[in-house]
Structure formats: structure tokens, C-alpha cells
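# Analysis of the macromolecular model
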Amino acid sequence: MASSLSRHFSTASRDSISTHGSTTVFNHHSPPLFLRVQYPTSCGSGGAQFSKFKCSAADSQTGFFTKLGRLIKEKAKKDVEKIFSGGFSKTRDNLAVIDELLLYWNLSDTDRVLDELEEALLVSDFGPKITVKIVESLRDDIFAGKLKSGTEIKDALKNSVLDILTKKGAKTELKLGFRKPAVIMIVGVNGGGKTTSLGKLAYRLKSGGAKILMAAGDTFRAAASDQLEIWAERTGCEIVSAEKEKAKASSVLSQAVKKGKEEGYDIVLCDTSGRLHTNYSLMEELIACKKAVAKVVQGAPNEILLVLDGTTGLNMLPQAREFNEVVGITGFILTKLDGSARGGCVVSVVDELGIPVKFVGVGEGVEDLQPFDAQAFVNAIFS
């Protein structure tokens, strides 16, 4: 993959500001290194080095997004230990009792051991439904003679959790379609980390060679545009913001996507206002935002990512239900995976809704947002 990427440097450092109606566009031209993906120049047997791409009228765009996804995924394999080594320490501590329970396990002690294992899963926010499902499956396999040691029981436990995450939440890659610009909407409740996640995602995508435009669709919170402006400067991206306070979020996002379409941006990242999932008038505004961008680019938004605070445990489940019902969530960003994060809730949300976790975040650095890796997650909480 590295051979198909070429490095380019930009020396421009001036910022420019232009106005489009009631929308202000901040252009940040910064000098960071970026990568440009080389597209296949021909189709057929002669282009063996590009055989991984399919030949079609949309090759240049489809190929770019495909390549970008692979680049992000490969980078994630190198960084995934960084994410999970810092997060879920509370979950690991709660589940550590499982090793003690299984160390001297014998068949006659099965019911007591499974009862305590069930309690450990519940304390770790796996939720009653998924906990009972996992424990009863282990019980059946033990008494059927399929599991004959504590090690085998723990492996079966880990495989049960991994099976849920990989089957019901398998599509963890970003689905960006084939039309440019691809549009990603970031939604969630107040204080979950939406704007920060958007900034980190912009950094990751831009590092992969994408030309990114940010849209400051959080028009309710006065400091939201300023916060996103800081992220635009940090990542060297341009941003479209409302000129007036309390402007309609849908109009800001529409203007941004139009700019993205006219000026050849690869991806438009749309921030939105934080809202409680029980506030139906604000939830309806998300529908207006979704319709507004769809009028500009057919099929947009390509992704609607719900930011979930990892410290809230199972409280994230009703949030996920409501947001999904209103706008149709395509993936989750799980944030604040510090020591207090309660990891079992991830499994419960994926199991109930069948929506994948696409990114996880720890810390405030620009690189502290990583694609979700189910195997690494399972290894982390059952270490």
C-alpha cells in the first residue's frame, strides 16, 4: 500500500475568510504533510498492479474511498493496544474474579461458579439479557461435556462475546459510497464528545489523504463553532460556520455540502447540536439536517455516527434506541474510555441494535480516536 502513496508538502500558511449568504467560510491553509492516493490509470489485464480495483465509471472515487478505508484499518492495527491498554480498567477489575472462579473449577461446582460469573458480567454492564444468554450457553456446553476445564470455559466466554460483536456489528469500516463529497453526520447527547470526536476523525481522514471540510452545525451552543474552529486549525481543514447565532443547523450543513460539492472536497464532516434523546423537537431537527444534505448530494449522509459516552454504562442503550429510530444510526463512536468506562455496555448495544461500533476514543490528542477492533476489545476486558 505504501508504494501507491506519494507525499506532498504545502507551504501556504495564510487564512482567508469569505461569506456565502448567512454562512461564513474559514479557509485554513496549513503546512502539514498529507498523502495522496494514486488511482488506477487503466483497466484490464495490463494493469496487474491495480487488479484490486474494479473497473467502472466511478473507479476514481470508489477506489479512493476503498483505499482510504484500508489505510485507516492498517494504521489501526498498530495503534489499537494504545487505546485498550488505557481504557476499561474498571471492567477488567470487575471481570478479574472470573479467573479466580475458574482456576479450581470442577463439574459439581458449576452452578455456583456460573452464578458468580453472571454477577460479574452484570456489574460490568453487560445487561441482563445478554448476560443470561451467555451464561446459559456456557451451562449447556458444560453439562454436554463440551467444556471440560476452566480454561475452556473462559475461552468459550470470550468467543461468545466476540461472536456477538463480529456478527451483529461486523461492518466497522466507514461506508462512504462513491459520490464526492461523502457526508458524515456526528450526533449525540450533550457532553458526549461530539465536536472533539469530529476533530479527531478529521485528522485521521486527512492523514489518509482526504480533503476535509468541517460544518459547524451546532448552532445552539455559543462556543461550539469556536471549538470546531480550533480543531480546524489543528488539523489544517476548512470550516463552514453560521454567521448569525441561532441559525438553522440544516441551512449551515446544506451550505457546507454545496461548497464541498462545488470545490472538490472528498468528505464533509457535519457537527450537530447535543440533544437529549427525549427532546422530540430537537430530535426532529436532525431529520431536517438529514434531508437538507440529501437534497445536495444523492444518498447523503453516508454515515450517521452516534457518539456514546463510555462512562454512562447501560444508560447509553435508550439513547441509541431513540437516535436510531429517528435518523437511522449507521455506527457508534465510543468516547471517554478511561479507567471508569464500563465495557459490557458495548456488547449490549451491539447485540440489541445490530449497529457496529466504528471508533473508540481515549484522551484529548488528535490521534486518540481509533477504529474499533472487536478482538482487541475482548482481549482487553478479559485480560
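Residues numbered from 1 in each chain as written. Predicted model: local features only at pLDDT ≥ 70, side-chain atom pairs only at ≥ 80, totals over all residues. Heavy atoms only, no water.

### Regarding the overall build of the chain
Summing up its helical and strand segments, the chain has 13 helices and 12 strands in all. Here the chain holds 383 residues, and 53% of them are scored as buried. A fraction of 77% describes how many contacts in the chain between residues 6 or more apart in sequence connect residues 24 or more apart. Within the structure as shown, the chain displays about 17,300 Å² of accessible surface, and the carbon and sulfur contribution to it stands at 52%. (Helix = DSSP H or I, 4+ residues; strand = E, 2+ residues; numbered from the N terminus. Buried < 20%, exposed > 50% of the residue type's maximum accessible area, 1.4 Å probe, protein only. Contact = heavy atoms within 4.5 Å. Areas by Shrake-Rupley, 256 points an atom, 1.4 Å probe, with all protein chains shown as cover.)

### Re the nonpolar core
Counting residues in each nonpolar core, the largest one holds 71 residues, and the members touching the most others are Leu121, Phe126, Leu138, Leu165, Ile329, Phe332 and Phe382. Of all the elements, helix 6 (residues 150-168) adds the most residues to this core, at seven residues. If sequence neighbours within four positions are ignored, phenylalanine 332 has contacts with Leu306, Leu308, Ala320, Val349, Leu353, Ile355, Pro356, Val357, Lys358 and Phe359. Within the second largest apolar cluster, 29 residues are counted, among which are Leu198, Leu201, Ile267 and Leu269. (Core = buried A, V, L, I, M, F, W, Y, C linked by side-chain atoms within 4.5 Å.)

### Describing the pattern of salt bridges
Per the stated rule, a full pass over the model turns up 15 salt bridges. A salt bridge links glutamate 136 to arginine 139, with the nearest nitrogen and oxygen atoms 3.4 Å apart. Here glutamate 136 and its partner arginine 139 are both found in helix 5 (residues 128-143), three residues apart, which amounts to about one turn of the helix. Here arginine 321 makes a salt bridge to glutamate 352, at a shortest N to O gap of 2.4 Å. (Salt bridge = Lys/Arg side-chain N within 4 Å of Asp/Glu carboxyl O.)

### Structural notes on the environment of threonine 235
Of note, threonine 235 is situated in helix 8 (residues 224-235). The exposure class of threonine 235 is buried, given its relative accessible area of 4%. Residues threonine 235 and isoleucine 212, spaced 23 residues apart in sequence, show a C-alpha to C-alpha distance of 9.5 Å. For threonine 235, the residues in contact, after removing those within four places along its chain, are Gly199, Tyr203, Lys206 and Met214.

### Re the side chain of threonine 131
With respect to the helices and strands, threonine 131 occurs in helix 5. When near neighbours in sequence (up to four residues on either side) are disregarded, threonine 131 contacts Glu118, Leu121, Leu122 and Phe126.

### Some details on the packing of aromatic side chains
Counted under the stated rule, the structure contains two aromatic pairs. Here phenylalanine 126 and phenylalanine 382 contribute two aromatic rings whose centre-to-centre distance is 6.4 Å and whose plane-to-plane angle is 45°, an arrangement assigned as tilted. One end of the pair, phenylalanine 126, is in the loop between helix 4 (110-123) and helix 5; the other, phenylalanine 382, is in the segment after helix 13 (374-381), with 256 residues separating them in the sequence. Each member of the pair, phenylalanine 126 as well as phenylalanine 382, is classed as buried. (Phe/Tyr/Trp six-rings, centres within 6.5 Å; stacked < 30°, edge-to-face > 60°.)

### Side note on unusual backbone geometry
Note that the residue after lysine 180, namely proline 181, is joined by a cis bond; omega there is 0°. Mapped onto the secondary structure, proline 181 falls in the loop between helix 6 and strand 5 (182-188). Residue proline 301 follows alanine 300 across a cis peptide bond; omega there is -5°. With respect to the helices, strands and loops of the structure, proline 301 is situated in the loop between helix 10 (280-296) and strand 9 (303-309). In this structure, aspartate 125 is a non-glycine residue whose phi angle is positive, near 65°.

### Here we look at helix 13
Of all eight residues in helix 13, six are buried; the element is thus mostly enclosed. Taken as a whole, helix 13 has its buried residues at Ala374, Ala376, Phe377, Val378, Ala380 and Ile381. One side-chain oxygen at the N-terminal end of helix 13 lies 3.1 Å from the backbone nitrogen of glutamine 375; it belongs to aspartate 373. (Polar contact = N/O pair within 3.5 Å; in protein donor to acceptor, adjacent residues only side chain to side chain.)

### Some thoughts on the packing of helix 9 (residues 249-262) against helix 10
Contact pair helix 9 / helix 10: the axes reach a minimum separation of 8 Å and the direction vectors enclose 25°. By the angle between their directions, the pair helix 9 and helix 10 is classed as roughly parallel. Here the hand of the crossing between helix 9 and helix 10 comes out right-handed. Mapping the contact onto sequence places Ala249, Ser250, Leu253, Ser254, Val257, Lys258 and Lys261 in helix 9 and Glu285, Ala288, Cys289, Ala292, Val293 and Val296 in helix 10. A class-by-class count of the residues in the contact of helix 9 with helix 10 yields eight nonpolar, two polar and three charged. (Axes fitted to C-alpha atoms, helices over the stretch in contact; angles between N-to-C directions. Parallel < 35°, antiparallel > 145°, perpendicular 65-115°, else oblique. Left-handed = near helix turned anticlockwise from the far one by under 90°. Nonpolar A, V, L, I, M, F, W, Y, C, P; charged D, E, K, R; others polar.)

### Side note on helix 7 (residues 194-207)
Here helix 7 contains 14 residues, and its C-alpha end-to-end distance of 20 Å stays within 8% of the 20 Å for a straight helix at 1.5 Å per residue. Most of helix 7 sits out of view: 12 of its 14 residues are buried. Among the residues of helix 7, those classed as buried are Lys194, Thr195, Thr196, Ser197, Leu198, Gly199, Lys200, Leu201, Ala202, Arg204, Leu205 and Lys206. (Expected span 1.5 Å × (residues − 1).)

### Describing the environment of lysine 146
Structurally, the position occupied by lysine 146 is in the loop between helix 5 and helix 6. Along the backbone, lysine 146 and alanine 156 are 10 residues apart, and their C-alpha atoms lie at a distance of 10.0 Å. Not counting the four nearest positions on each side in its chain, lysine 146 is found in contact with Asp141 and Glu152.

### What to know about the confidence of the model for the chain
Scored by pLDDT, the chain comes out at a mean of 79, with 75% of its residues at no less than 70. When the criterion is pLDDT under 50, residues 1-22 qualifies, and its contacts beyond four places in sequence or with other chains add up to 52 contacts. Note that residues 28-59 has pLDDT below 50 and, in this model, 64 contacts with residues that lie over four places away or in other chains. (pLDDT = per-residue confidence, 0-100.)

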